[in-house]
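Breakdown of the fold
Given next are the chains, with one letter for each unit.
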Amino acid sequence: MLERPYELIPVWERASELASAFRVGIGDRVQRPLQTYSESLATFEAPTPETGSDGVAIVEELARLAEPGLHAMTGAHFFGWVIGNSHEVGVAADWLTSAWGQNAGNHSATPAAAAAEAISARWLLDILRLPPSASVGFVTGATMANFVCLAAARGEVLRRLGWDVEQLGLYGAPPITIVLGEDAHSTVFSALQYIGFGHASIRKVPADTNGSMLPDAFAQVMEELQTAPAVIVISQAGQINSGAFDPHTAIVESARKHPNCWHHVDGAFGLWARACPDRAFLAEGVDGADSWATDGHKWLQTPYDSGYAIVRDPEAHRRAMTIAASYLPPIEAGERDPSHYVPELSRRARGFSTWAMLRCLGRQGVGEMVDRHCHLSRLMASLLAAEEGITVMNDVVLNQIAVRFGPSEPSELGDDLTRKTIAAVQAEGVCFAGGAKWKGHWIMRLSVIGYSISEVSARESAEAIIRGWRAVRG
Ligand SMILES: Cc1ncc(COP(=O)(O)O)c(C=O)c1O
């Protein structure tokens, strides 16, 4: 028998105690890491271990070394990037996933992991109101979801031209033109890069002041591309700085006129507006696309890492991703192999945490949460805009707020004041927000997406930001 240097259960109990203490105490933590990266490196610095040690001691040491360099991203005063709360139910499901140790590549090796994915996929499509026959790949996040969907797009538009990209590769293939909005997310460019599209193959469509593609400009580009052999259109549901949506009904209509066009939607967080009756109009028409990328670790509040690559045509999806090996059992009709829809073979069973969060919130809970976050965003925007010298730069249609300080000042001074205000707010540590460049200007970007954000924490955070601005304004 294999000897273990530790008792199995005590180490898990201790890890659970430490995790609970961290989460319960999150409200008392300063809203920024207490250490810089170099300080964290110094904290972890140690020679390569020559021998093992006791498991309980290891998790205690890990928590002691890591905690000063952790960010309270699950706190109610956290508004950085676009980050969900790693909800405790999703985390618990994720712990079970790790404890069960399932390699989710194959459905007959781990029927439960594959079944949880299959059922969660059906629920996701239902809640997001996407075609029920679409296929869903459980990936690490929206970047990989974009990658998977765009690989399916590339294969399918070339297949229609008689070119088998899975066999022949891209050298010598008919050209594909990529069309996207000028305010597309940077990771879409990463995904395009991974599948062999350089920036020169991209046509950028101008966007309005909120980052939404101009429908006439899009129609014009599509008109010009009418004789192009293949086109992939990438639109956006939820712009990272403004939360804006591209005009999907018009995009779908123009895209359909092209004889060989695939339309993909990057809906990392915005696709969830479809689950909220009051906000669904923003994503009207999205279901007319061919593929969709979204995240679980944003609005569904699953722990990292969790994203979904959704493709209308499951065959195109499978062709792009299938790993065929003689030792892997074939699938029967009606079966679904998790590895057929993602790049990896061996991976964690991501379906369990998605299943748990969908079960925890339900259709109504997801819709109510999205609605609550949208209301809180508008509340924060109005509190901030009421202060002299603060301007909300975007139309707050969803959950993202772009804020600029000293906007009547010349551009460089306004940038400087905005950066200083961000630094002041982060130094105080009551709430956390980061910065970004938006339409050529520095902004503070707030993302109201964490499950624990409440009206109280939203008001306290707006007050902290105003306090930071007043200190900078002097
Ligand atoms: C619109 C959009 N697309 C893609 C991504 C990338 O998502 P992920 O970091 O989960 O890969 C993001 C991240 O914020 C996003 O906002």
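Residues numbered from 1 in each chain as written. Predicted model: local features only at pLDDT ≥ 70, side-chain atom pairs only at ≥ 80, totals over all residues.

1. Some words on the overall build of the protein chain
A count of helices and strands for the protein chain gives 14 helices and 11 strands. For a compact globule of 474 residues, the expected C-alpha radius of gyration is about 23 Å, and the protein chain comes in at 24 Å, within 12% of that figure. C-alpha atoms of the protein chain, sized along the principal axes, occupy 75 × 60 × 45 Å. Looking at the 474 residues of the protein chain, the share that counts as buried comes to 47%. For the protein chain, restricting intrachain contacts to residue pairs at least 6 apart in sequence, the fraction spanning at least 24 positions comes to 75%. (Helix = DSSP H or I, 4+ residues; strand = E, 2+ residues; numbered from the N terminus. Rg over C-alpha atoms; globule rule 2.2 N^0.38 Å. Buried ≥ 20, exposed ≤ 12 C-beta atoms within 10 Å, placed from the backbone. Contact = placed C-beta atoms within 7 Å.)

2. What to know about the nonpolar core
With 131 residues, the main nonpolar core has Val148, Ile232, Ala309 and Val403 as its most contacted residues. The greatest single-element share of this core, amounting to 14 residues, is contributed by helix H12 (residues 351-385). Beyond its immediate sequence surroundings of up to four residues, Ala309 is in contact with Gly137, Val139, Ala145, Val148, Cys149, Ala293 and Tyr341. (Core = buried A, V, L, I, M, F, W, Y, C linked by C-beta atoms within 7 Å.)

3. As for the sheet that holds strand S7 (residues 307-311)
Strand pairing within a sheet occurs via backbone hydrogen bonds; the two strands may be parallel or antiparallel. The mixed open sheet is built from 7 strands, whose spatial order is S1-S7-S6-S5-S4-S2-S3. Pairing within the sheet leaves two strands with one partner each, and these edge strands are strand S1 (135-139) and strand S3 (202-205). The average undirected angle you get between the axes of adjacent strands in this sheet is 20 degrees. In terms of strand pairing, strand S2 (residues 176-181) meets S3 through 4 bridges, oriented parallel. (Pairing = 2+ DSSP bridges. Axes fitted to C-alpha atoms, helices over the stretch in contact; angles between N-to-C directions.)

4. As for the packing of helix H4 (residues 88-100) against H12
Between H4 and H12, the least distance of the axes is 8 Å, while the angle of their chain directions is 150 degrees. Here H12 runs roughly antiparallel to H4, going by the angle between their axes. Considering how the two elements wind past one another, H4 and H12 form a crossing that is right-handed. Judged by residue contacts, Val89, Gly90, Ala93, Asp94, Leu96 and Thr97 of H4 engage Phe352, Ser353, Ala356, Met357 and Cys360 from H12. Grouping the amino acids of the contact of H4 with H12 by side-chain chemistry returns 7 nonpolar, 3 polar and 1 charged. (Parallel < 35°, antiparallel > 145°, perpendicular 65-115°, else oblique. Left-handed = near helix turned anticlockwise from the far one by under 90°. Nonpolar A, V, L, I, M, F, W, Y, C, P; charged D, E, K, R; others polar.)

5. Details of the sheet that holds strand S9 (residues 400-405)
Judged by pairing direction, the sheet is antiparallel, and its 4 strands sit side by side in the order S8-S9-S11-S10 without closing on themselves. Of all the strands in the sheet, just strand S8 (390-392) and strand S10 (434-438) have a single pairing partner and so form its edges. Averaged over all pairs of adjacent strands, the angle between strand axes in this sheet comes to 40 degrees, irrespective of strand direction. In the sheet, S8 pairs with S9 via 3 bridges, with the strands oriented antiparallel. Across the sheet, the residue bridging to Thr391 is Arg404, located in S9. Along the sheet, H12 contacts S8, S9 and strand S11 (441-447); its crossing angle with S8, the most-contacted strand, is approximately 150 degrees. Here helix H13 (residues 411-428) sits on the sheet and contacts S9, S10 and S11; the angle it forms with S11, its principal contact strand, is near 35 degrees.

6. So, unusual backbone geometry
The linkage connecting Tyr304 with the following residue, Asp305, adopts the cis geometry, with an omega of -5 degrees. Looking at the secondary structure, you find Asp305 in the loop between strand S6 (291-295) and S7. At Trp81, a position not held by glycine, the phi torsion is positive, near 40 degrees. Of note, Trp81 is situated in the loop between helix H3 (55-66) and H4. Phi at Gln301 is positive, roughly 70 degrees, even though this residue is not glycine. Checked against the element boundaries, Gln301 lands in the loop between S6 and S7. Under the C-beta neighbour-count criterion, Gln301 is labelled buried, with 29 such atoms within 10 Å.

7. Digging into the pairing of strand S4 (residues 230-236)
A large share of S4 lies buried, amounting to 7 of its 7 residues. Neither face of S4 is left uncovered, since the one carrying Ala230, Ile232, Ile234 and Gln236 and the one carrying Val231, Val233 and Ser235 both have all their residues buried. As paired elements, S2 and S4 share 5 bridges and run parallel to each other. Each bridged residue has a counterpart across the sheet, and for Ile178 the counterpart in S4 is Ile232. As paired elements, S4 and strand S5 (residues 261-266) share 6 bridges and run parallel to each other.

8. Some remarks on the environment of Leu161
Among the secondary structure elements, Leu161 is positioned in the loop between helix H6 (142-159) and helix H7 (165-168). Given 13 C-beta atoms within 10 Å, Leu161 falls into the partly exposed group. Sequence-wise, Leu161 and Pro174 are 13 residues apart; in three dimensions their C-alpha atoms are separated by 7.8 Å. Not counting chain neighbours up to four residues away, the residues in contact with Leu161 comprise Pro174, Pro229, Ala230 and Asn260.

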